[in-house]
Structure formats: C-alpha cells, structure tokens
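Fold and geometry: a report
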Amino acid sequence: MATLERDLRAPAAGRRFGFVLDRPEWLGPLMIAPAVLYIVAIVGLPFLLALYYSVSDISMGRRTLGFVGLKNFISVIPTSKFQTSLQNTFVFAIVSQVLVIILANILALALLKEFRGKWVVRLLLLLPWVAPISLGTIGWLWILDSIYSVINWTLEAFGLITADGWPMYLGKPYLAMGSVITVHVWRLLPLATVIILAGLTSIPKDIHDAAQVDGASFWRHHFQITVPLIRPILLVALLFGLVFAFTDMVVIFVLTRGGPYDTTQVLASLAFFTGIQGGDLAEGAAIAIFLFPLLLAVAFVFLRIARRSEVT
Amino acid sequence: MAIVETRDVRKHFGDVHAVDGVNLTTKEGEFLVLLGPSGCGKTTLLRMVAGLEDPTGGEILIGGQVVNDLPPRARKIAMVFQSYALYPHMRVFDNIAFPLRAQGVPRAEIPHKVEWAAGLFGIEKLLHRKPRELSGGERQRVALARAVVREPAVFLLDEPLSNLDAKLRTSARDELQQFQRRIGTTTIYVTHDQVEAMGLGDRIAVMQGGKVRQIGTPQEVYDEPADTFVAGFLGSPPMNLLEIPDCLVGFRPEHFLPKEAHESRDGLLALKFHISRIEYLGADRLLYGALEGKFPDTKVISKLASTVSTPVQPGKTQDFAVREKDFRFFDRETGLRTRPRPV
C-alpha cells in the first residue's frame, strides 16, 4: 500500500509542467502565443506606426514628430500622381483578379481529371508560387526586355513582326500595364488554382453523377452545380488575390518602377517611392493606408457572403 | 418503358475484374434486384447501365438500342443514389426541377410537373426547403421525386434505403414497391440486403465476384439455389452444408427441427444434434451446435419458430430431423447444384 501511494504522489510533484500541457486552458494559449507575438511584432506595430505617421509631419532626417491631422491626406489626394496611381491600382487589381479566377477555374478543372503526367503539370504549375517572386520577375524582365525579348525574337523568326516593329513591352503605357498584369496573374495563378482545386475535390462524386444523369450539359453542370458549390472557397481565393493585388508592388517595382510616366504606378509603389526613396515618411504612410478602409470593407463583405453561401 | 439488356458486359480496373461478363435481360416494367456482398460488382454494373462508367467490353442495350456510346443524359434513365446526391445549394423545388430544365422542358410546364412528382411522394410542403433542412426519409423522397419527374424509361436505384433507420426502411420499402407497381417503369435496384431484395424484387440477380450466380424470382433463388454461394448468401442464418462422400448436401435452418415437430414421420432423415447455445430472437430461436453420429462435429444451426413447442436445452443432445425433400445437393468442386442422391 505504501509503495502504491508513493507512486501516485511522485509524478504529481515531479512532472507538474507535463500536466500543465494536458490542460486545454493552458495548452491553447501557449500554442497560439508565438503566432500572436509574430503578428503583433511584424504586422501590428508597424501598422499602428504607419497610422500615426500618416497624421504626423515625420520625414527622414528629422528627429521631431508633430501631429498635423489630415494634412497629409489633403495635400496628396488631389495630386495627379495620386489620382493616376489610384486608378491604376483598381485596373491592376480588378483585371488581374478576373483573369486569375477564370484561368484558375479552367486549370483546376483540368487538373481534376486523371491523365498521364499529371504530377509534372502540377509541379510546373506550382513553380511560380514556390520560386522567389523577385527572381521570377527578373526572368520576366528579360523576357519582356526591349532588346533581348525572346518573345520578339520568336515572333520575328516566324515573320509575325518586323525588326523595326518590335513592341516595347515595358516602355509603352498600355503594353506596360498589360505586362505587369500578365506577370502578376502568372504569379497568383498557382495559389488560386490550388484553392479552387481543394474546393472542387470536396464536392461529392455523387453530385456530379446525379447532374450527369439528370441531363445537365457541361455549362449548366459547371455554372449551376459546380460553381455554386465552391462559391465560399472561390470568394476566399478572390479575397486573397484582391488584397494581394491592392497591396503588393514587387512585380511593378522590378519590371517598370511605376513607369513609363507613372502609367503603371499603383498606390503601394507610390507609397514606397514617396516614403522610403523620397524620404517623406508622413506622406508615404498616408498613401499606404489610404486603401485600408476599403480593403477592410471588401474583406468583411466577402467573408459575410462566403459564410452565407456555405451549403452543407 | 424499356427493356435493359447487358451482353457479356465487363469492367476491369487493372487486374481487378469488377464486372466479369454479365448477361442480363430485364422484362418490361420489371423490378429487378441486383443482390450481392460489397465488392461483387453490382454498383459498377448499375453505373455502366447509367453511363457513368464505360464498360471494358460487351454491350448495353436500353429499349433495344445499344447505348454504349451514349452519355447518361441520352439514355432516358433516372438514378437514385445511396447518398441521394441532392444539390445542397438548391431548394427542393429546384432540385426536382433541375432535370426538367436540363432537358429544356418549357418553363410554363415545370411547376406543374414538379408538383405532380412531389405529390407522388407527399412532399408538397417541403418544396421551399433546402436539403439540409430535411430528415433522411424526406431527402430520400426528394431524390425519388427528382428521378420520377422526367418520366424516365428506366429507374436505377443504388441502395436508396440503406441510409434510413430500420423502422423507416420497412415503410419506405413498402411505398417504393407500391409506387413502382403504379407507374410500371422498369427498375433495377442494387442492394446488399437480402430482406430488401426478397421483399421488393420481381426477380433477383445474385452477384459475386463480378458474375451473376443466379437469376430468378425470390422464391426460386431461396428454395432452389444454383450453387453454394447463393445458398449461403441468402437466408439468415445461411443454409447448413454437410459433406457426404461425393458431394455437399444443404438444408435450411428452419427445416432442421426436433423430430416431434415434423408433421409426418415419412421421408425424414434423423440426426443427433448437440445444442451448445440458444439465441432467443422473439419470433424465432436460433440453436447453435454440432451434429453427432453420422456427421461428427459438423457445425449446424437450427431455426425454430416460436410456434414450435418442443422443449430444447443447451448442453443436451436431442433428436432432430430434416425432410429428405428439403435437401439440396451441390458439387464439391464447383459448388453447383447436382442431382439428388441418398444421404
């Protein structure tokens, strides 16, 4: 008896920490703490700082910081540079996302079918996503270069363009916007495809069989059965993509730096050039957070719709 | 209405012969049940008739026409799935209307037809609900209504009752049969449940290993099994099998009764039965034990109806008997039925 009692008591004293991990009310917070810390330190604090900068008169090389209210916004919003960038931001984000969703749907449907060499296609498809984006974009810089463009070399070799008629992909306003959108689509397509593919595989096979037996044509099947059933996940993909397109500037920074004549300048790149390279931190911050209320609203609406259209 | 015929239909998945040369012909308006254990190929066969799987070989005919190359929508069939496969994002009305819209039925006729189909199954009040707001039995009716609404030539049902609870299943079985009799559409019904098969089918095709072992009326497959598989698969508990010098002899548990319980003493084969365990099932008792004497240590089961009043006790050896005409004989090698011989 005595030994039994001792055995029961011993671990309670010796392994108290082990038992803490058995209690959900401790384990949960403990597990999530690193993520919370990470987000607070890397995203939360800089964001709050940016909010404060946007209503201050801070600039590089000054050690004082004064509150100026909405002065930064009032001074930057009417400028033509800002107006152009705002317009470009919407064109860039919306056109690229429309393309991404359409192409990702097609790709995901194709990848759902069984065919030989499917894993190679999947691998190739994921490459743009796993490769460092700046590296991939530098590759595109070469592909779209005014002198070394392989596209132009190929087109000329096939006799489709002449040597003096080479398109300047990054040098002409509309072509430049087309180019940055193309590269951005190339880059976001894998993620959207994988998300949609996940949605498609979650639809029970019986539903597709039933639709087939019920006589649905391809289009009816797709738009009345498949798309409504993946709508929640489609909206999540779209939300990710839109927020990304509204806030990211890597592609534009590497390819055009906002040029020619600001025709590919978006708010994110304008904020960078004004705040970091131009040294006007306050105005840069104001530009950067200008779209924040809009993005918040977009995220809110999308998540509401996604929740409402959850079907099972 | 149409006759469905399969000619030497095969389906191979690599080395697995899921369906291995099936020849079947339904009769006009017949209720044909495909019965077999899981993995016997019955669902694959049904899916090939539906056009959801391509046969590896053979021909499928519906209404005299070879339909191998026709897509499901051109085969004039309707199918009810085990999971019901209702479209979860559509209301019941739109679920039932979906096949009509897909076939281009004029818009004005659709509400009328949907109400007719819903009326057949008593679900008119559910038309505005989503599938997730329905009970299992209601979902099953919606699935049936969706199948009926376009008045198909053939109904294909894949275990439509297996997701219902036992009580509901009995009443659903009854309704299903009445409904099929009323509309008289040729129906192929897949199940692994022999009670369902016996109760519903005009004829039963018993399948195993991708082949049809026997096809016949419920009485034929039960009373005159074509081989030992059918003898063992149908009946609960299965047929008892004894080895005699050149073949196997089988008899049903309900024919293996205490000697006194037989009405006549003529044509009886007496067997000493050592009872080891008795299961009381209400209407029946199952007696587990082994034979003694001529067939030592052969395990057999007796099924006594509650009307048999002869006392039986576990641990005792009692005189039991089987009528000789209830014996069925099977070849020891092939398992097929052979001619009767003295036991």
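This one's a predicted model, so the numbers in the text were calculated from it and none came from an experiment. (Residues numbered from 1 in each chain as written. Chains lettered and ligands numbered in written order. Predicted model: local features only at pLDDT ≥ 70, side-chain atom pairs only at ≥ 80, totals over all residues. Heavy atoms only, no water.)

Glancing now at the overall build of chain A. Within chain A, the secondary structure is distributed over 15 helices and 0 strands. Each of the three principal axes of chain A carries a C-alpha extent, and together these read 100 × 70 × 35 Å. Total accessible area on chain A stands at roughly 18300 Å², and carbon and sulfur atoms take up 72% of it. Here chain A carries 22 positive and 17 negative side-chain charges, and the mean point of each set is 5 Å from the other. (Helix = DSSP H or I, 4+ residues; strand = E, 2+ residues; numbered from the N terminus. Areas by Shrake-Rupley, 256 points an atom, 1.4 Å probe, with all protein chains shown as cover. Lys, Arg positive; Asp, Glu negative; His and termini not counted. Charge placed at Lys NZ, Arg CZ, Asp CG, Glu CD.)

A word on helix H10 (residues 205–213) of chain A. Along H10 of chain A, the residues that are buried comprise Ile207, His208, Asp209, Ala210, Ala211 and Val213 of chain A. Those residues of H10 of chain A hidden inside the fold are in contact with helix H11 (218–247) of chain A together with helix H1 (42–50), strand E6 (77–80), helix H2 (92–102) and helix H4 (136–148) of chain B. Gly215 of chain A lies just past H10 of chain A and shows a positive phi near 95°. (Buried < 20%, exposed > 50% of the residue type's maximum accessible area, 1.4 Å probe, protein only. Contact = heavy atoms within 4.5 Å.)

Residue and element names in this part refer to chain B. Examined at the domain level, chain B breaks down into domain 1 (4–228) and domain 2 (240–331). Listed as interface residues are 8 residues of domain 1 and, on the opposing side, 6 residues of domain 2. When domain 1 packs against domain 2, close to 550 Å² is buried across both sides, 54% of that on carbon and sulfur atoms. By the criterion of area lost to domain 2, the three top residues of domain 1 are Tyr222, Pro225 and Thr228, representing 74% of everything that side buries. Where domain 1 packs against domain 2, one counts 1 salt bridge. With its nearest N and O atoms 3.5 Å apart, the salt bridge here joins Glu224 to Arg328. Taken together, the links from domain 1 to domain 2 amount to 3 residue pairs in polar contact (both at pLDDT 80 or more). Classifying every residue of the side of domain 1 that touches domain 2 gives 4 nonpolar, 1 polar and 3 charged. (Domains from an automatic or database assignment. Buried area = accessible area lost by both parts, 1.4 Å probe. Salt bridge = Lys/Arg side-chain N within 4 Å of Asp/Glu carboxyl O. Polar contact = N/O pair within 3.5 Å; in protein donor to acceptor, adjacent residues only side chain to side chain. Nonpolar A, V, L, I, M, F, W, Y, C, P; charged D, E, K, R; others polar.)

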